[in-house]
Each structure stands twice: as structure tokens, then as C-alpha cells.
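# A structural walkthrough
Okay, here's what each chain looks like letter by letter:
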Amino acid sequence: MDVPTWVWIATGVVTLAIFTFDLAVVGRRPHEPSMKECATYLSIYVGMALLFGLGVWFTAGGTPALEFYSGWLVEYSLSIDNLFIFIIIMAKFAVPRELQQYALMIGIVMALVMRAIFIAVGAAAINNFSWVFYLFGLFLVYTAVKLAKEGAEDEDEDEFEENKLVAFVERRFPATSEWHGKQLFITGEGAKKMITPMFIVILTLGTTDLLFALDSIPAIFGITKEPYLVLTANIFALMGLRQLYFLIGGLLQRLIYLSYGLAFLLAFIGVKLFFHALHENELPFINGGEHLDYAWLEIPIWLSLVVIVATLAVTAVLSLWASSRMSAQEQDAATGPRRDWDND
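Attention here is on the structure that accompanies the text. Position numbers for residues start from 1 in each chain and track the written sequence from start to end. It should be noted that, the model being predicted, local features are given only for residues of pLDDT at least 70 and side-chain atom pairs only at 80 or more, the latter also being counted only at that level, while totals for whole chains, interfaces and linings use all residues. No hydrogens and no water enter the side-chain calculation; it runs on all heavy atoms of the structure.

## Re helix 7 (residues 197–221)
Helix numbers and strand numbers start at the N terminus; a helix is a DSSP run of H or I with at least 4 residues, a strand a run of E with at least 2. Under the convention used throughout, the expected extent of a helix is 1.5 Å for every residue step, that is, one less than its residue count. Compared with an ideal rise of 1.5 Å per residue, which puts 25 residues at 36 Å, helix 7 spans 36 Å between its outermost C-alpha atoms and is within 8% of the ideal. Along helix 7, the helix axis deviates most sharply at Ala 213, where the bend reaches about 40°. A residue's bend is the angle separating two fitted axes: one through the seven residues that end there, the other through the seven that start there.

Next up, the structure:
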């Protein structure tokens, strides 16, 4: 897929315009968005992603379009899992509800910039060293096993640990524990600059999402090796993350099998990457440094898309069914067995 320079520039300009507009709207009037507002914005962003995929289809062909849709779904599903941690961060720092939207927006912009750097580095490594696919594949399988072990364990606010960068900033710079709206810095006694809780929260959200990118970037490179599709899939996945946070915050607690579903997806993509590495093999101690030209080593993109959609659908249905049953059992346990008084 040959992407002209002007397309890269236009994509950057449009993305910057959308995020700037979104940030200006949120920044001008901090508030807790209504369900209608979240649903409206989310449907717009999802619609834009679907239309973008169609544009790729008409201009570059069906295979790149399927790669974009597959990568976007993977990034979106991994982002949903990240929302659990975002909820814990908001609770940990007691962020006022009307300021959570602003904090999420700044954190998402930071994450997008850092992910773009990750994508550029990953694309350069893949173009120059085919053995990188082995590393990506093994890392994703390792992550899948780790995620599956966590299973459907409940996340608790006390389990959250600040990353080292945030802990260093809190130790190194004077801070106030009082909220001052959207302000990141205030002037304290003696004209001394102090960081606010908003600064710490934004830094935590941005750096936490960067850690999540360690999983998601290798995963999407397992679907497409085209940097432009990798970047745009990440852009569209992050666009609706803020609205998704408020829209399905309560529903997240019912997706009890989400970790298992994502673990399966990461393992599947990890195996796909490993197969591709064998197909492109240049390591001298594997098959004498020759490629392994077996048809089954290349999993077609349409099959990947089917596996991704089916996994997410089955995970969601089973999670909602199981959580509903557990809620019914808890209600029965609380109210006690029913008694028929009609015959007394």
C-alpha cells in the first residue's frame, strides 16, 4: 500500500483539528456528559471509522480495508479493557466527575502522540529486521497467558500502583492536594510553583496508556504491516475512548470474561506473528536461514477478522449472561426463598 505524503499530512491535520475542537469544547465547559451526548459522539466516531474503512477499500482494495477494520477492532477491544484501569485511577485520585472528561481528553492526546512514536519505531524495526516478528509473537503469547491468569478477577482501587515516573514526579516537585479546576500548576506561598492533582492524574493516564501500547502496537502489527493503517486504527480507537468511559462505565463490571476473550485474541495474533516470522525467516539456526514456504503459515486477513469479531461477540454474550445469572442468584440469596402464602 503506497500512501502519498499529502495523505499523511491531511490525516495529521484532520486528526489535530478533531482533537483540538473536542478539547476546546470540553475545556470551555467542564461537565459530566449525559448518556445522550456520549452516545451521539461515539456513534459519530464509529461512523467515521466505518467510512474511513470504505475509503480505504475503494482506493487501495479490499485487503487493506479488512486489515484496517481488524486492527481497529483489536485496538478498540484492548482500549475497553484499559477503561477498567482508568476507572480505578479516577477513584484513586478522587477526580471530580465534572473534571474527569477533561483529564481523559488530555491523557488520550498524550497517548496518541506517544503511540505515534512507538508505531514509527516498530515500523522501522520490521522493515529492517524480520526476526522482530518472533519477538512480537512471543511477547503477545506471554501477555495472553498473563492476562488469562488474571481472568475475571475484580480490580480494586487498593491494587493500583503508581508507575515509577508518576511516583518520581510526586517526590520531586511540590504539590497541592486541593483541586483547582483544570489548572495544572498554581502559585503557592512565596511565589512557589506547585503541581495540582489534575497534573498528576493526566500524567498517570498518559503514561498508563503508553504501557498498554506495549501490548496493542505489536498486536496490530500482527494484522497489518502498513504503518498508515496502524496509526489510523489507533487514532479511531482513541477518539471514542472518552465517551465510552462514561457510556459503559457500569457495564464494564459485567464483562467478566473480557480478560479471557482478549487473552485468546492476543494469543491468536501472537501465533499469527510467529507463523509470519517463519514464512519470512532469515535466522540461520532455523531452517538454515531459509524461508518456510508453507501456505498454512500465512493466516488470511479475512479469517483474522472473523476470529476477532466472533471472539468479541462470544465474550460479550457469555459475560452478560453469566453476570445476569449471578445477579439473580445474589438477589435470591438476599431475599430468601419464595413462599406461597395463597394456600394459608
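## Some points on a nonpolar patch on the surface
Residues Tyr 257, Tyr 260, Val 314, Leu 318 and Trp 321 make up a contiguous nonpolar surface patch of roughly 500 Å² in combined accessible area. No other element matches the three residues that helix 12 (residues 301–335) contributes to the nonpolar patch. Relative to the helices and strands, Leu 318 resides in helix 12. For every residue, the accessible area (1.4 Å probe, protein chains only) is compared with the maximum for its type, and the residue is labelled buried under 20%, exposed over 50%, or partly exposed between those bounds. Classification of Leu 318 by relative accessible area gives partly exposed; the value is 42%. Distance thresholds for patches are 9 Å for like charges and 5 Å for nonpolar side chains (Val, Leu, Ile, Met, Phe, Trp, Tyr), applied to residues having over 30% relative accessible area and no salt bridge. Throughout, the Shrake-Rupley method with a 1.4 Å probe supplies accessible areas, and for residues the shown protein chains are the sole cover considered. For this document, the term salt bridge refers to a Lys or Arg side-chain nitrogen within 4 Å of an Asp or Glu carboxyl oxygen.

## Quick notes on the packing of aromatic side chains
Pairing of aromatic rings covers Phe, Tyr and Trp, the last through its six-membered ring, and needs centres within 6.5 Å; plane angles under 30 degrees mean stacked, over 60 mean edge-to-face, and all others mean tilted. With the rule as written, the count across this model stands at twelve aromatic pairs. Aromatic pair Tyr 41 and Tyr 45: ring centres 6.4 Å apart, planes at 40°, arrangement tilted. Linking Tyr 41 with Tyr 45, this pair stays in helix 2 (residues 35–60), spanning four residues, or about one helical turn. Accessibility expressed as a relative area gives 24% for Tyr 41, which makes it partly exposed. Looking at Tyr 45, the relative accessible area reads 7%, which means it is buried. Look at Phe 68 and Phe 236: their rings are 5.9 Å apart centre to centre, the planes differ by 80°, and that puts the pair in the edge-to-face class. Of the two residues, Phe 68 is situated in helix 3 (residues 62–92) and Phe 236 in helix 8 (residues 227–239); the sequence distance between them amounts to 168 residues. Across the pair, exposure class does not vary: Phe 68 and Phe 236 are buried alike. Through a chain of ring-to-ring contacts, the aromatic side chains of Trp 8, Phe 52, Phe 68, Tyr 69, Tyr 228 and Phe 236 assemble into a single cluster.

## Description of the environment of Ala 148
Of note, Ala 148 is situated in helix 5 (residues 132–150). By relative accessible area, which is 31% here, Ala 148 ends up partly exposed. For the pair Ala 148 and Leu 258, spaced 110 residues apart in the sequence, the C-alpha separation amounts to 9.7 Å. Contacts: residue pairs with any heavy atoms within 4.5 Å of one another. Apart from residues no more than four positions distant in its own chain, Ala 148 is found in contact with Tyr 260 and Ala 263.

## Looking at the environment of Leu 104
Assignment of secondary structure puts Leu 104 in helix 4 (residues 97–128). Overall, Leu 104 belongs to the buried group, its relative accessible area being 4%. Along the chain, Leu 104 and Leu 241 lie 137 residues apart, while their C-alpha atoms are 8.6 Å from each other. Among all residues touching Leu 104, those that are not within four sequence positions of it are Phe 86, Met 90, Leu 205, Arg 242, Tyr 245 and Phe 246.

## Points about the layout of surface pockets
By volume, the second largest pocket amounts to about 330 Å³. Detection works on a 1 Å grid of protein atoms alone, calling trapped sets that fit a 1.4 Å probe cavities and calling open sets with protein on both sides within 12 Å along at least five of seven lines pockets, with lining residues defined by an atom within 4 Å of a point. Looking at the second largest pocket, it is lined by 15 residues, and the ones nearest its centre are Tyr 76, Ser 77, Ile 80, Leu 312 and Ala 316. Each residue gets one label: Ala, Val, Leu, Ile, Met, Phe, Trp, Tyr, Cys and Pro are nonpolar, Asp, Glu, Lys and Arg are charged, and the others, such as Gly, are polar. Classifying every residue of the lining of the second largest pocket gives twelve nonpolar, three polar and no charged. Grid points are joined across faces, edges and corners, and a volume is the space filled by probe spheres set on the points.

## Regarding the side chain of Thr 204
Within the fold, Thr 204 resides in helix 7. Take Thr 204: its relative accessible area is 0%, and that puts it in the buried class.

## Notes on the packing of helix 4 against helix 8
In contact at an axis separation of 10 Å, helix 4 and helix 8 are set at 165° when each is read in the N-to-C sense. By the criterion of interaxial angle, the relationship of helix 4 to helix 8 is roughly antiparallel. As for the relative orientation of helix 4 and helix 8, their crossing is right-handed in sense. Here Ile 108, Leu 112, Arg 115, Ala 116, Ile 119 and Ala 123 of helix 4 come into contact with helix 8, specifically with Pro 227, Val 230, Leu 231, Asn 234, Ile 235 and Leu 238. Taken together, the residues of the contact of helix 4 with helix 8 break down into ten nonpolar, one polar and one charged. Simply put, an axis is a line fit to the C-alpha atoms, just over the touching stretch for a helix, and the angle between two N-to-C directions goes from 0 to 180 degrees. Angle categories: roughly parallel below 35 degrees, roughly antiparallel above 145, roughly perpendicular from 65 to 115, and oblique for all the rest. In a left-handed crossing the near helix is turned counterclockwise from the far helix by less than a right angle, and in a right-handed crossing that turn is clockwise.

## Quick look at the nonpolar core
Judged by nonpolar contacts, the single largest core of 93 residues is most densely connected at Phe 68, Trp 72, Phe 86, Met 90, Leu 205 and Phe 221. If you tally residues by element for this core, the top one is helix 3, at 15 residues. Contacts of Phe 221, omitting those with residues within four sequence positions, involve Ile 119, Gly 122, Ala 123, Ile 126, Phe 133, Phe 136, Val 230 and Leu 273. Here, nonpolar core refers to any group of buried Ala, Val, Leu, Ile, Met, Phe, Trp, Tyr and Cys residues whose side-chain atoms link them within 4.5 Å.

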